[in-house]
Amino acid sequence: SRRPRATTRRRRRQPCGRRCWRDRRSQAQHDAGASAAQGRVCAGRRRRGVSACDRGKITVNDVVTIKLPYEWSPRPYQEKLWVYLSKGGKRAVALWPRRHGKDDVFLNHIACTMKERRGTYWYLLPEYSQARKSMWDAIDEETGIRRIDKIFPPSIRTIYREQEMMLGYEGSTFQLVGADNYNSLVGSPPVGLVFSEYARTDPSAWAYLMPILEKNGGWVGFNSTPYGDNHYRKLCEFAEKQQAEGK
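Note on numbering: residues in each chain are counted from 1, in written sequence order. In view of the model being predicted, local features appear only for residues whose pLDDT reaches at least 70, and side-chain atom pairs are presented and counted only at 80 or more, with totals across whole chains, interfaces and linings using the full set of residues. Only hydrogens and water are removed before side-chain values are computed, so all heavy atoms of the structure are retained for them.

## A closer look at the overall build of the protein
Alright, step 1. Helix numbers and strand numbers start at the N terminus; a helix is a DSSP run of H or I with at least 4 residues, a strand a run of E with at least 2. Secondary structure summary: the protein contains seven helices and 11 strands in total.
Alright, step 2. Think of it in three bands: residues with accessible area under 20% of the maximum for their type are buried, residues over 50% are exposed, and the middle band is partly exposed, with areas taken using a 1.4 Å probe on protein chains only. Evaluated residue by residue, the protein yields a buried proportion of 43% over its 247 residues.
Alright, step 3. Only the protein chains shown count as cover for residues, and all accessible areas are computed by the Shrake-Rupley method using a 1.4 Å probe. Within the structure as shown, the protein displays about 14,400 Å² of accessible surface, and the carbon and sulfur contribution to it stands at 48%.

Structure follows, in structure tokens:
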């Protein structure tokens, strides 16, 4: 009788950029992002030399080196936004459903840019009270660690102000603020902004802050879930048109 044919194993370069051992039967599964052989999830495709991780390093006490983003990598559907921001994108609009990690992408991007460009970074929510409840005091449900501590490790911080919801390192500062009181924001002009839940935010806040970024070459991100026919829908339609035109 014929001997059963042995499974052929080859070392192939996968879309994630790694050389992984996979048999032919699990190749399709790996290409889809899952490894049947080892039960891992592929970190994602590297595009134009931009890695999903390690955008910077901070050495603490000349001993410990913290890589940024810290213990995080984008999900497959987040990669396009992450790569765009990592390559220096100035205007980003994310129209994603709830629990798709909109804030995770932008917060981790800020964690990296605070080292890449020294400056002030503001994260705006529709109301000041929402900033503390949904961001500053929020606990990550997967790790049980406070969300801010998970993204901005306490070991690298040189500034921490609980009442002002501010932290900083490498000469940069990050602060959670409310868009409902935008005209009272004072201090160093920001070089990076994120409007979270922009569909529920007063659009006058962006109109007030836009000239600052136009002057200093800063960047801004908008994220939200749909909320009727309003200013955010118009912004999304404009962004789609710009993208279709290759701008």
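## Concerning the pattern of salt bridges
Alright, step 1. For this document, the term salt bridge refers to a Lys or Arg side-chain nitrogen within 4 Å of an Asp or Glu carboxyl oxygen. Under the counting rule described, the total for this entry stands at 11 salt bridges.
Alright, step 2. The partner of Glu162 in a salt bridge is Arg132, with the nearest N and O atoms 3.3 Å apart. Here Glu162 is found in the loop between strand 7 (159-161) and strand 8 (166-169), whereas its partner Arg132 is found in helix 4 (residues 128-136), with 30 residues between them in sequence.
Alright, step 3. Here Glu162 falls in the partly exposed class, since its relative accessible area comes to 29%.
Alright, step 4. Looking at Arg132, the relative accessible area reads 21%, which means it is partly exposed.
Alright, step 5. Salt-bridge contacts for Arg161 lead to Glu164; the nearest nitrogen and oxygen are separated by 3.8 Å.
Alright, step 6. Among the residues examined, Arg161 registers a relative accessible area of 40% and is labelled partly exposed.

## Some remarks on the sheet that holds strand 9 (residues 172-178)
Alright, step 1. Here, strands pair whenever DSSP counts at least two bridges between them. Across the sheet, which stays open at both edges, the seven strands sit in the order 5-11-10-6-9-8-7 with mixed pairing between neighbours. Two strands in the sheet have a free side with no partner beyond their single neighbour: strand 5 (91-95) and strand 7. When the angles between neighbouring strand axes are averaged without regard to direction, this sheet yields 10°.
Alright, step 2. Across five bridges, the pairing between strand 10 (residues 190-196) and strand 11 (residues 219-224) is parallel. Bridge pairing links Ser196 to Asn223 in strand 11.
Alright, step 3. Only heavy atoms enter the contact rule, under which two residues are in contact if any of them lie within 4.5 Å. Axes here refer to lines fitted to C-alpha atoms; in helices the fit is confined to the stretch in contact. Angles between the N-to-C directions go from 0 to 180 degrees. Each of strand 5, strand 6 (120-125), strand 10 and strand 11 is contacted by helix 6 (residues 204-216), which is oriented at about 150° to strand 10, the strand it contacts most.
Alright, step 4. Taken strand by strand, helix 7 (residues 231-244) contacts strand 5 and strand 11, and its axis lies near 115° from that of strand 5.

## Points about the packing of helix 2 (residues 79-86) against helix 3 (residues 102-116)
Two quantities define a packed helix pair, namely the angle between the axes and the distance from one axis to the other.
Alright, step 1. At a minimum axis distance of 11 Å, the contact between helix 2 and helix 3 shows a crossing angle of 25°. In terms of axis orientation, helix 2 runs roughly parallel to helix 3. By crossing handedness, the relation of helix 2 to helix 3 is classed as right-handed. On helix 3, the residues touching Leu81, Trp82, Leu85 and Ser86 of helix 2 are Val105, Phe106, Asn108, His109 and Cys112.
Alright, step 2. Under the scheme applied here, ten amino acids are nonpolar (Ala, Val, Leu, Ile, Met, Phe, Trp, Tyr, Cys and Pro), four are charged (Asp, Glu, Lys and Arg), and all others, including Gly, are polar. Looking at the contact of helix 2 with helix 3, its residues break down into six nonpolar, three polar and no charged. What sets the label is the angle itself: under 35 degrees gives roughly parallel, over 145 gives roughly antiparallel, 65 to 115 gives roughly perpendicular, and the rest give oblique. Left-handed describes a crossing whose near helix is turned anticlockwise from the far helix through less than a right angle; right-handed describes the clockwise counterpart.

## Here we look at the nonpolar core
Alright, step 1. Put simply, buried Ala, Val, Leu, Ile, Met, Phe, Trp, Tyr and Cys residues joined by side-chain atoms within 4.5 Å make one nonpolar core. The biggest cluster of nonpolar side chains holds 36 residues, and the ones touching the most others in it are Phe106, Ile110, Tyr123, Phe152, Tyr169, Phe174 and Leu176.
Alright, step 2. Counting residues per element, this core draws most heavily on helix 3, which supplies seven residues.
Alright, step 3. Residue contacts for Tyr123: discarding those within four places in its chain leaves Asp103, Phe106, Leu107, Ile110, Met135, Phe174, Gln175, Leu176, Val177, Val194, Ser196 and Asn223.
Alright, step 4. Counting residues in each nonpolar core, the second largest holds 17 residues, with Trp122, Tyr198, Leu209 and Cys236 among its members.

## Structural notes on the confidence of the model for the protein
Alright, step 1. You can read pLDDT as the predictor saying how much it trusts each residue, on a scale of 0 to 100. Chain-level pLDDT for the protein is 81 on average; 77% of the residues reach the 70-or-more range.
Alright, step 2. Across residues 6-51 the pLDDT falls below 50, and counting only partners more than four positions away or on other chains, this stretch makes 68 contacts in the model.

## Description of the environment of Glu162
Alright, step 1. Placed 26 residues apart in sequence, Glu162 and Trp136 show a C-alpha to C-alpha distance of 8.9 Å.
Alright, step 2. If near-sequence neighbours (up to four positions away) are discounted, Glu162 is found in contact with Arg132, Trp136, Asp137 and Arg146.
Alright, step 3. Think of a polar contact as two N or O atoms within 3.5 Å of one another; within protein, one of them needs to be a possible hydrogen donor and the other a possible acceptor, and neighboring residues in sequence only count if both atoms come from side chains. In this structure the side chain of Glu162 is engaged in a polar contact, spanning 2.5 Å, whose partner is the side chain of Tyr160.

## Overview of helix 2
Alright, step 1. Of all the residues in helix 2, the buried ones are Glu79, Leu81, Trp82, Val83 and Leu85.
Alright, step 2. Each element contacted by the buried residues of helix 2 is listed here: strand 5 and helix 3.
Alright, step 3. Note on helix 2: the residue one or two positions beyond its end, Gly88, has a positive phi of about 95°.

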